[in-house]
Amino acid sequence: AQSVTQPDIHITVSEGASLELRCNYSYGATPYLFWYVQSPGQGLQLLLKYFSGDTLVQGIKGFEAEFKRSQSSFNLRKPSVHWSDAAEYFCAVKGGYQKVTFGIGTKLQVIP
Amino acid sequence: DGGITQSPKYLFRKEGQNVTLSCEQNLNHDAMYWYRQDPGQGLRLIYYSQIVNDFQKGDIAEGYSVSREKKESFPLTVTSAQKNPTAFYLCASSIGAGLAVQETQYFGPGTRLLVL
């Protein structure tokens, strides 16, 4: 079985500050990992994904994520947050031929 | 422009009524999915289809039905048996299913279903 945990339901950061959103997964082998972003009332947009190779993955909108096998984590980072980054962020995991499992999401609020 | 369209954006259902949500994609993807999104619960898989004329139940299929008569289309019917249908419904598609590289999912804009 696989599972994914996003421990922070809500995060508030100041514009220009750095951001790290946490994601922990459970799976017996190396899973495939995704980060999506959702603006209010919209669908999900793929930010980045990790399948294999370099554990630091670059995505769109200046985001990156690092796969750490020893910590079962795939945290999303951005060095400087913009007001337009306010949204909900979902981490997702896929192990082998299982279907993708999504986390419950982290809502990001950006304050001036 | 390739993408996934969902209609309508808002849908109202009366008690005892069946309603159908539309999902169309022009990405030439084989696999399509329906998710339900409720606040604080993330996305839950309702049904998915890996190929035309074939579909499988997801985690919460009760009270829902689907069809896949065309590659581009995967409509979802919310039946009267679904007692708590108020939610945001998301359709997604992927090149294929099984291997992760094929199953990177791309989402439509969603349909919000409300009960009158």
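Before reading on, note that the structure itself is shown above.
Residues numbered from 1 in each chain as written. Chains lettered and ligands numbered in written order. Predicted model: local features only at pLDDT ≥ 70, side-chain atom pairs only at ≥ 80, totals over all residues. Heavy atoms only, no water.

Colleague: Summarise the interface of chain B and chain A; cite the residues concerned and give the values.
Modeller: In this assembly, 24 residues from chain B lie in contact with 21 residues from chain A. Counting the surface lost from both chain B and chain A, the interface buries some 1700 Å², and carbon and sulfur atoms represent 60% of this. Summed over the shared surface of chain B and chain A, the number is 0 salt bridges. On the surface where chain B and chain A come into contact, there are 3 residue pairs in polar contact (both at pLDDT 80 or more). Among the elements of the structure, β4 (31-37), β5 (43-51), β9 (87-94) and β10 (106-107) of chain B are those that each provide at least two residues to the side of chain B that touches chain A. (Contact = heavy atoms within 4.5 Å. Buried area = accessible area lost by both parts, 1.4 Å probe. Salt bridge = Lys/Arg side-chain N within 4 Å of Asp/Glu carboxyl O. Polar contact = N/O pair within 3.5 Å; in protein donor to acceptor, adjacent residues only side chain to side chain. Helix = DSSP H or I, 4+ residues; strand = E, 2+ residues; numbered from the N terminus.)

Colleague: Just give me the short version of the environment of A:Gln71, but keep the residues and values in it.
Modeller: All names here are of chain A. Of note, Gln 71 is situated in the loop between β8 (64-68) and β9 (73-78). Among the residues examined, Gln 71 registers a relative accessible area of 48% and is labelled partly exposed. Along the chain, Gln 71 and Trp 35 lie 36 residues apart, while their C-alpha atoms are 17 Å from each other. (Buried < 20%, exposed > 50% of the residue type's maximum accessible area, 1.4 Å probe, protein only.)

Colleague: Go over the environment of A:Ile104, please, and point to the residues and values.
Modeller: If you trace the backbone, A:Ile104 turns up in the loop between β11 (101-102) and β12 (106-111). The partly exposed category is assigned to A:Ile104, whose relative accessible area is 35%. With 99 residues separating them along the chain, A:Ile104 and A:Thr5 place their C-alpha atoms 7.5 Å apart. Ignoring any residue separated from it by four or fewer positions in sequence, one finds A:Ile104 in contact with A:Gln6, A:Ile9, A:Glu88, A:Phe90, B:Gly40, B:Gln41 and B:Gly42.

Colleague: Account for unusual backbone geometry, naming residues and giving values.
Modeller: Trans is the prevailing form of peptide bonds, just as negative phi is the prevailing case for residues other than glycine. Residues and elements named next belong to chain B. That bond from Ser 7 to Pro 8 is cis: its omega, -5 degrees, falls within 30 degrees of zero. The backbone of Asn 53 sits at a positive phi, close to 70 degrees, despite the residue not being glycine. Inspection of the secondary structure puts Asn 53 in the loop between β5 and β6 (54-57). For Asn 53, a relative accessible area of 63% translates into the label exposed.

Colleague: Give me the pairing of strand β6 (residues 44-50) of chain A: which residues, what numbers.
Modeller: Residue and element names in this part refer to chain A. Of all 7 residues that make up β6, 5 are buried, and the element is covered over most of its length. Where strand β5 (residues 32-38) and β6 come together, 6 bridges link them in antiparallel fashion. The residue of β6 that forms the bridge with Tyr 36 is Leu 46. Joining the antiparallel neighbours β5 and β6 is a turn of 5 residues, in which Gly 41 adopts a positive phi near 70 degrees. (Pairing = 2+ DSSP bridges.)

Just distances and angles here, no functional claims.
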